[in-house]
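# Breakdown of the fold
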Amino acid sequence: MTAVVEGKAIVQDYHVPGGMFARARSVRALKGVDFRVEKGKTLAIVGESGSGKSTLARVIALIDAPTGGELRIEGKPVDIRAHRPGPDMRSKVQMVFQNPYGSLNPRQKIGNVLMEPLAINTNVPAAEQRERAEAMLAKVGLQPEHFNRYPHMFSGGQRQRIAIARALMLNPSLLVLDEPVSALDLSVQAQVLNLLADLQDEFGLTYVFVSHDLSVVRYIADEVMVISKGEAVEQGTREEVFANPTHPYTRQLFAATPVTDVAAIRTRVERRRLARAGVQ
Amino acid sequence: MALLNIRNLTVKFATATGSFTAVDGIDVSVDKGEVLAIVGESGSGKSVSMLAVMGLLPDTATITADEMTYDGQDISNMTAVQRRKLIGREITMIFQEPVASLNPSFTTGFQIEEVLRLNLGMSRREAHARALELYRAVGIPEPEEKLKAYPHQMSGGQCQRVMIAMAIASNPRLLIADEPTTALDVTIQKQILDLLMKLQEDYGMALILITHDMGVVAETADRVVVQYKGKKMEEADVLSLFENPQHPYTRALLSALPENATGDRLPTVSDFFTQEAAR
Ligand SMILES: Nc1ncnc2c1ncn2[C@@H]1O[C@H](COP(=O)(O)OP(=O)(O)OP(=O)(O)O)[C@@H](O)[C@H]1O
Ligand SMILES: Nc1ncnc2c1ncn2[C@@H]1O[C@H](COP(=O)(O)OP(=O)(O)OP(=O)(O)O)[C@@H](O)[C@H]1O
Ligand SMILES: [Mg+2]
Ligand SMILES: [Mg+2]
């Protein structure tokens, strides 16, 4: 089976220009990463803050050209530095950015944010554009009266859902999501994850899903990649990685997950009560 | 006496389609040395109510309250000068969207050193040393280099930690932290929560922690407020909340953990309400 997206030895360097007192230098954010994702599957990328997850996501979503390595989409090598991707490729691959605020134009009403991809890339008539945008708003749990609001008039979690809705408007075949549900409470998070799962079942969508939340990863992933300092330190099926984490960082992640156990809460509350009594 | 005391806070926004009530009669109070967690669904008015306290809402907002006091002083009708003495020094806030709250045109080091010089009267050299110390405390790798980096040259979680460093720089008496660890993996989240709890215990800082993560609530809070659609649904000490949640939305929050998925579907709050009604 050909992979929807495949990367070989992907390297990414950031050039940091020097200033009056600092010498210019370059930072290697990805040190040769391999991966492949098959149609209709989800690759979850987890790892420490600053390990290179967003850097990799931007390469896969054809936003940034990598310094080295080869990226293939549906078997064909893609080099965005040599050939700018056309509208076809652009609508096939979509990205949800980690920072939804920064990716939304502050002067554009949400309705237009959602209709714009259709207006630019398709011949869908105006009336139908509006219908589809309203339907998509409802799917991510927003209301019709939100259509004419500007981005700053929303809550953090609502903006995150707008970014997801926008990326879904063009029926992409590959969707790269960078921490898409990090600001959502569990109920709204469930609604969004259920929506993504339904779309995957119905249209065979392929996802690359960056998340630091292991319970979300366990629910959504087929394959898991753990990256640390720009290197993939662990890769395997979800079952393998969860049943038998081999890298120390992966084990640390499991160990640090907070517990909602009542006995643990009671112990902590008691310890705080004693500490307070000691102070007085 | 509570350090911050808000009674019957209502916030309405004027929008193109009429007035919208984002916060509907909320009470919030927090004592010196106390950790209050506010949880609730996305869009339920958590951020807006705290921005109202900070005086940071746009002109389209109408704020009313029966009482709004900090340390006994009325903060609803303070002059701009009085407010500036308080906000950013005694009361600080970690904003929900870190990248959006940093200025893209200045290095993060310049921004935090500016806060230290203006608010705490430090010299350039002192501010630099303190900024470095704060970057280390929040676990930013290569702190010397990162002080020279612009926000876009740092990862999401690194920007979030810059915001945290800025907010704790003045050893505030009240810290309002709005989803402070959303961009952090659990190992760094733990380091940050330990740091906040240490400040809290060492200096008796009061902490209002807005979060959707019930694990974070379990590991930090003394008291918890649950908000849903602009209203307070439930308030309880942390142990009672987990042992015996009263409101259906709270029960739903505790049971909607992805590990409790049945088959392929994750339970949403509306599924939960339907189930409870059927019982
Ligand atoms: N434009 C840039 N210039 C220089 N360095 C950069 C740039 N963008 C990112 N970096 C650095 O590259 C490393 C990887 O960043 P990246 O954003 O990929 O991390 P991440 O894994 O997504 O982290 P987080 O979980 O915090 O979002 C970080 O150390 C970051 O400081
Ligand atoms: N400037 C504004 N104009 C109109 N409505 C607004 C404005 N700012 C916020 N709102 C609305 O007020 C409500 C409360 O927003 P708030 O940001 O407090 O939610 P929240 O509880 O913090 O949610 P989240 O968990 O998603 O961050 C939301 O429905 C939001 O759309
Ligand atoms: Mg990132
Ligand atoms: Mg909020």
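Preceding this paragraph is the structure being described.
Numbering of residues starts from 1 in each chain and follows the order in which that chain's sequence is written. Ligands are numbered from 1 and chains lettered from A, in the order in which they are written. Reporting in this predicted model follows two pLDDT cut-offs: at least 70 for local features of residues, and 80 or more for side-chain atom pairs to be given and counted; totals over whole chains, interfaces and linings ignore these cut-offs and use all residues. Side-chain figures throughout are based on the complete set of non-hydrogen atoms in the structure, without hydrogens or water.

## Quick notes on the sheet that holds strand β10 (residues 231-237) of chain A
What holds strands together in a sheet is hydrogen bonding between their backbones, with the strands either parallel or antiparallel. Residue and element names in this part refer to chain A. Spatially, 6 strands are ordered β6-β7-β8-β3-β9-β10 in an open sheet, and the strand pairing comes out mixed. Edge positions in the open sheet fall to β6 (93-96) and β10, since each of these has one partner strand only. Within the sheet, the average angular offset between the axes of one strand and its neighbour, ignoring direction, is 15°. Strand pairing follows a simple DSSP-based rule, namely that at least 2 bridges must link the two strands. The helix and strand labels rest on DSSP assignments: H or I over at least four residues marks a helix, E over at least two residues marks a strand, and numbering proceeds from the N terminus. Pairing of strand β3 (residues 42-47) with strand β9 (residues 223-228), which is carried by 5 bridges, proceeds in the parallel orientation. Residue pairing in the sheet places Gly-47 in a bridge with Ile-227 of β9. In this analysis, axes come from line fits to C-alpha atoms, helices being fitted only over the stretch in contact, and the angle between any two N-to-C directions falls in the range 0 to 180 degrees.

## A word on the coordination of the magnesium ion (ligand 4)
All names here are of chain B. With distances of 2.0 to 2.2 Å, the protein atoms coordinating the magnesium ion (ligand 4) are Ser-47 (OG) and Gln-96 (OE1). Of the two residues, Ser-47 is situated in helix α1 (residues 46-54) and Gln-96 in the loop between β7 (91-94) and α3 (98-101); the sequence distance between them amounts to 49 residues. Each member of the pair Ser-47 and Gln-96 is classed as buried. Each metal's donors are the N, O and S atoms found within 2.8 Å of it, except that Na, K and Ca use a 3.2 Å limit; water is left out, so coordination can look incomplete. Any residue under 20% of the maximum accessible area for its type is buried, any over 50% is exposed, and the rest in between are partly exposed; the area is computed with a 1.4 Å probe on protein chains only.

## Brief notes about the coordination of the magnesium ion (ligand 3)
Residues and elements named next belong to chain A. Taken together, Ser-54 (OG) and Gln-98 (OE1) make up the protein donors of the magnesium ion (ligand 3), found 2.0 to 2.2 Å from the metal. One end of the pair, Ser-54, is in helix α1 (residues 53-60); the other, Gln-98, is in the loop between β6 and α3 (100-103), and 44 residues separate them in sequence. Its relative accessible area of 23% is what places Ser-54 among the partly exposed residues.

## Some remarks on the nonpolar core
Definition used in this section: a nonpolar core is a set of buried Ala, Val, Leu, Ile, Met, Phe, Trp, Tyr and Cys residues joined via side-chain atoms within 4.5 Å. Judged by nonpolar contacts, the single largest core of 40 residues is most densely connected at Leu-168, Leu-175, Leu-193, Leu-196 and Phe-209 of chain A. Of all the elements in the fold, those that place two or more residues in this core are α4 (110-121), α5 (126-139), α6 (156-168), β7 (174-178), α7 (186-203), β8 (206-210) and α8 (214-220) of chain A. No other element matches α7 of chain A, which puts 7 residues into this core. Leu-168 of chain A has contacts with Met-136, Leu-175, Leu-195, Leu-199 and Leu-205 of chain A, leaving out every residue within four places of it along the chain. Core analysis: the next-biggest nonpolar cluster, separate from the first, contains 38 residues, Tyr-135, Leu-193, Met-205 and Leu-207 of chain B among them. Contacts between residues were defined by any pair of non-hydrogen atoms, one from each residue, lying within 4.5 Å.

## Structural notes on the side chain of Gln-96 of chain B
Gln-96 of chain B sits in the buried class, given a relative accessible area of 15%. Polar contacts here mean pairs of N or O atoms no more than 3.5 Å apart (in protein, one a potential hydrogen donor and the other a potential acceptor; neighbouring residues in sequence count only if both atoms are side-chain atoms). One polar contact links Gln-96 of chain B to Ser-47 of chain B, side chain to side chain, over a distance of 3.0 Å. Ignoring sequence-local partners within four residues, the contact set of Gln-96 of chain B consists of Gly-156, Gly-157 and Ala-183 of chain A together with Ser-47, Asp-178 and Glu-179 of chain B.

## Structural notes on the pattern of salt bridges
Whenever Lys or Arg places a side-chain nitrogen within 4 Å of a carboxyl oxygen from Asp or Glu, that contact is recorded as a salt bridge. According to the stated counting rule, one finds 30 salt bridges over all chains in the structure shown. A salt bridge links Glu-70 of chain A to Arg-72 of chain A; its shortest N-O distance comes to 3.0 Å. Taking relative accessible area as the criterion, Glu-70 of chain A reaches 33% and is therefore assigned partly exposed. Note on Arg-72 of chain A: relative accessible area 29%, which makes it partly exposed. Of the charged contacts in the structure, one is a salt bridge between Glu-243 of chain B and Arg-266 of chain A, with a shortest N-O distance of 2.3 Å. Pair noted here: Glu-243 of chain B is in helix α10 (residues 238-243) and Arg-266 of chain A is in helix α11 (residues 262-279), and the two residues belong to different chains. Connected via shared salt-bridge partners are Glu-6, Lys-8, Arg-36 and Glu-38 of chain A.

## Observations regarding helix α8 (residues 186-203) of chain B
Since one α-helical turn is 3.6 residues long, residues separated by three or four positions face the same way. Residue and element names in this part refer to chain B. What a helix should span is 1.5 Å times the count of its residues minus one. Taking 1.5 Å per residue, 18 residues should reach 26 Å; α8 reaches 25 Å between its end C-alpha atoms and fits that length. Those residues of α8 that fall on the buried side of the exposure criterion are Val-186, Thr-187, Ile-188, Gln-189, Ile-192, Leu-193, Leu-195, Leu-196, Met-197, Leu-199 and Gln-200. Immediately downstream of α8, the backbone of Gly-204 shows phi near 65°, a positive value.

## Section: the site of ligand 2
We call a residue near a molecule or strand when any one of its heavy atoms sits within 4 Å of it. Of all residues adjacent to ligand 2, which total 20 residues, the nearest are Ser-155 and Gln-158 of chain A together with Ser-42, Gly-43 and Ser-47 of chain B. One chain alone does not account for the residues near ligand 2; they come from chains A and B. With respect to ligand 2, the backbone of Met-153 of chain A contributes an N or O atom lying 3.2 Å from an oxygen atom. The side chain of Gln-158 of chain A places a nitrogen or oxygen atom 2.7 Å from an oxygen atom of ligand 2. Taken by itself ligand 2 offers 640 Å² of open surface, and the protein chains cover 96% of this. Shrake-Rupley sampling with a 1.4 Å probe provides the accessible areas, and residues are treated as covered by the protein chains on show and by no other component.

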